[in-house]
Structure formats: C-alpha cells, structure tokens
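# Observations on the model geometry
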Amino acid sequence: MNELKKIAKRLVSEGKGILAADESTPTCTKRFESIGVKSTELTRNEYRSWLFSTIDIEKYISGVILYHETFHQSIINTNISVPKFLKKKNILAGIKVDTGAKDFAGFSPEKITEGLDNLRPRLNDYKIHGAKFAKWRAVIKIGKNFPTKTCIAANCHALARYAALCQESGIVPIVEPEILMEGSHNIQKCYEVTENVLKNIFMDLNLFNIDLEGIILKPNMILPGEKSSERISNEKIAELTYNCLKNNVPSTVPGIAFLSGGQKSDDAAARLNLLNKIQKNKPWKLTFSYGRALQEDALTNYALKDEEKVKRALIKRAKLNHLATLGKLD
Ligand code: 13P
C-alpha cells in the first residue's frame, strides 16, 4: 500500500477521529478573550500542550491539526517539538496550510480561500518536520443570491490544486468544504448547496488526477441555517447527511471526518452516532475532525488555569465521539 493510503487509513482507523487545534492566532485570541484569558504565544502554547499531553488521548484521537505557530513550538516546559511529541504518542501531526478565507473580489460577501503561493516549499518544509497530513478549508455562504457558481468553482479549483501539491509532497490532504450554518435558509437549501459543492469538488479532484484513496473529506453535516425557524430532529439530520454523502462521495475515499461548525458539542456527538447507525457496511469511515465540539469544555476550564480539569474535559469529549464513531453512544 502506498504511503498516502496508509496515512489516510490511519487517520480514520476504527474508533478514532481528529482533533482540530489549528485555530489561527486571531481566532484563538477571540476564543481566549471569550473566557477572559489573554492570548499570548505562551498561553496558546500552554493550553495546547495541556490538550496534547492528556493521558490516553491517543486511544480516541488519530491525528491533530496544528497551526503554524504550534507546529514550531515545543510542548511547554520541555524541549520536545510538538510534532515529535505527537509522534511518540502515536498521533499523526497535521498542519493547516491555507492562509484564510478572504473577500472574493467582485462577489462580496462571498469568500475565497488563499494560500497556494509558495505552497510547494511550505509543504516540503512541514513534511521534513514531521507533518503527515494537511488541511485547507473552503468557506461557502448561503444567502439570497449566493453561493454563486463562480465562488463554488474558484474554491473547488483551489482545493484541487492544494490536494495535488499535498500528494506530490507525500502529505494527505484533508479537503474541507464548509457550507456555513450562518443564515436563515432551510435544511433543503443546505442539502442542495452541499450536493452541488461536493459534485464540483470530485469533478475537480478527478481533473487534477488526485488519488482519492489518499485524501480525507471534511464536510459539514446537513443542517438548517442557525437563524431558520425549522426544527429538525437529529435522526432526520443524520439521514439527510448520509444520503447527501452516499450520492456524492465516491466509495474510494477512505474516510469522511466531519467539522462541527458551531453545533453544540452534545449535538455534534449525537448526530455522528446516528450517522454511524444508519448502515453497517458503509463505503467510507464516518468520524470527527472537530474543533469547538471537542474543545469547548476544555477551553472553559482553561479560564480556571486548571490543567487536570482541561484534560478531563477533553478526554470526556474525545471518548463520547469515539463511541459515536462506533454507533455506541446511547
Ligand atoms: P469546528 O469543528 O470548530 O467547526 O472546527 C473544525 C475545523 O477545523 C474548521 O476548519
């Protein structure tokens, strides 16, 4: 089996998922400010070091996505680099390589994700320092006159170029198209937009000769907009999400690792559990690559500067989502 396939399979191995800890410094600062903690290089390092050194976290977490700053830091009070520390724990190190979703010229308020410039040497450098996989997040907004065909085409094209560069470097690309929950659209609209985006992505990945066995897809679940008055059961959300993926994601893709996207932590776990109960023999693994839905409780405890509580909160969420990947959460 080639190296890319091996890494992709490991990322979605039975009962495991991914911890997204790759918040950019401005995003991490916003999260810290919301709990009254000053965001400095040192506090970000401390918080993330506590997360990664949680005992037994490797039982539930196959990989961690890092931000550039963390990737080049050491675990606090040691001189072991973060990627080396994760490797010792049998956790794969990943790196966010996009440089953010920026205003899309001529199509405001839509966004285009940037970061292709110099991506080849950056990937090679991350690879040398231990990165096994990468992440690129495209953002699609739903509103009255959007998403436009242009925004979808430009973002999918960038995702495919990113994926090609990753595979050339021996790094597994996480392909993340996030249809945002913000807005008042209904769940049907989310289904249609997600389906359209997935069709475009796989068309472009094929056009760019991407080996689908060496990628992980990181999509949103199918949800009504956060300002919609629609009330949809978790069972229905799981069913629509499953159908959308079944109809649009080739069976050669080894794994689908959802983003949480602002869902409550309990909802994100419950819906993943239901998704895993729908079919015993799914073509791909269904798991998590959560940021907020794994870290929310840990972050609250970081305000108390209580290392044990931070770790307990993280392992609790990781274990619940581990059970959800097996459909055994009830
Ligand atoms: P959330 O789970 O908080 O949406 O973050 C996942 C992620 O990596 C977004 O790019």
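All of the points below concern the structure found in this document. These figures come from a predicted structure and were not determined experimentally.

## What to know about the overall build of the protein chain
For the protein chain, the count of helices and strands is twelve helices and ten strands. The C-alpha atoms of the protein chain give a radius of gyration of 19 Å, which matches the 20 Å a tight globule of 330 residues would have. Counting only C-alpha atoms and orienting by the principal axes, one finds that the protein chain spans roughly 50 × 45 × 40 Å. Looking at the protein chain as a whole, 58% of its 330 residues are labelled buried. In the protein chain, of all internal contacts separated by at least 6 residues, the share reaching a separation of at least 24 is 80%. Of the roughly 14300 Å² that the protein chain leaves accessible, carbon and sulfur atoms contribute 49%.

## Comments concerning the site of the ligand
Around the ligand sit 13 residues in total, of which Lys135, Lys218, Ser260, Gly261 and Arg292 are the nearest. In this structure, an oxygen atom belonging to the ligand sits 2.9 Å away from a side-chain N or O atom of glutamate 176. Between the ligand and serine 260 there is a distance of 2.4 Å, counted from an oxygen atom to a side-chain nitrogen or oxygen. About the coverage of the ligand: the protein hides 91% of its 300 Å² of free accessible area. Residue composition of the shell around the ligand, grouped by class: three nonpolar, four polar and six charged.

## As for the pattern of salt bridges
Enumeration over the complete set of coordinates arrives at 22 salt bridges. Several salt bridges converge on common partners, so that one network encompasses Asp22, Lys135 and Glu176.

## Concerning the sheet that holds strand E2 (residues 61-66)
The parallel closed barrel is built from eight strands, whose spatial order is E1-E2-E3-E6-E7-E8-E9-E10. Here helix H9 (residues 234-248) sits on the sheet and contacts strand E8 (216-217), strand E9 (255-258) and strand E10 (285-290); the angle it forms with E9, its principal contact strand, is near 140°. Its contacts with the sheet place helix H12 (residues 307-325) against strand E1 (17-21), E2 and E10, and it is angled at close to 160° to E10.

Cut-offs used in this document
Residues numbered from 1 in each chain as written. Predicted model: local features only at pLDDT ≥ 70, side-chain atom pairs only at ≥ 80, totals over all residues. Heavy atoms only, no water. Helix = DSSP H or I, 4+ residues; strand = E, 2+ residues; numbered from the N terminus. Rg over C-alpha atoms; globule rule 2.2 N^0.38 Å. Buried < 20%, exposed > 50% of the residue type's maximum accessible area, 1.4 Å probe, protein only. Contact = heavy atoms within 4.5 Å. Areas by Shrake-Rupley, 256 points an atom, 1.4 Å probe, with all protein chains shown as cover. Near = heavy atom within 4 Å. Polar contact = N/O pair within 3.5 Å; in protein donor to acceptor, adjacent residues only side chain to side chain. Nonpolar A, V, L, I, M, F, W, Y, C, P; charged D, E, K, R; others polar. Salt bridge = Lys/Arg side-chain N within 4 Å of Asp/Glu carboxyl O. Pairing = 2+ DSSP bridges. Axes fitted to C-alpha atoms, helices over the stretch in contact; angles between N-to-C directions.

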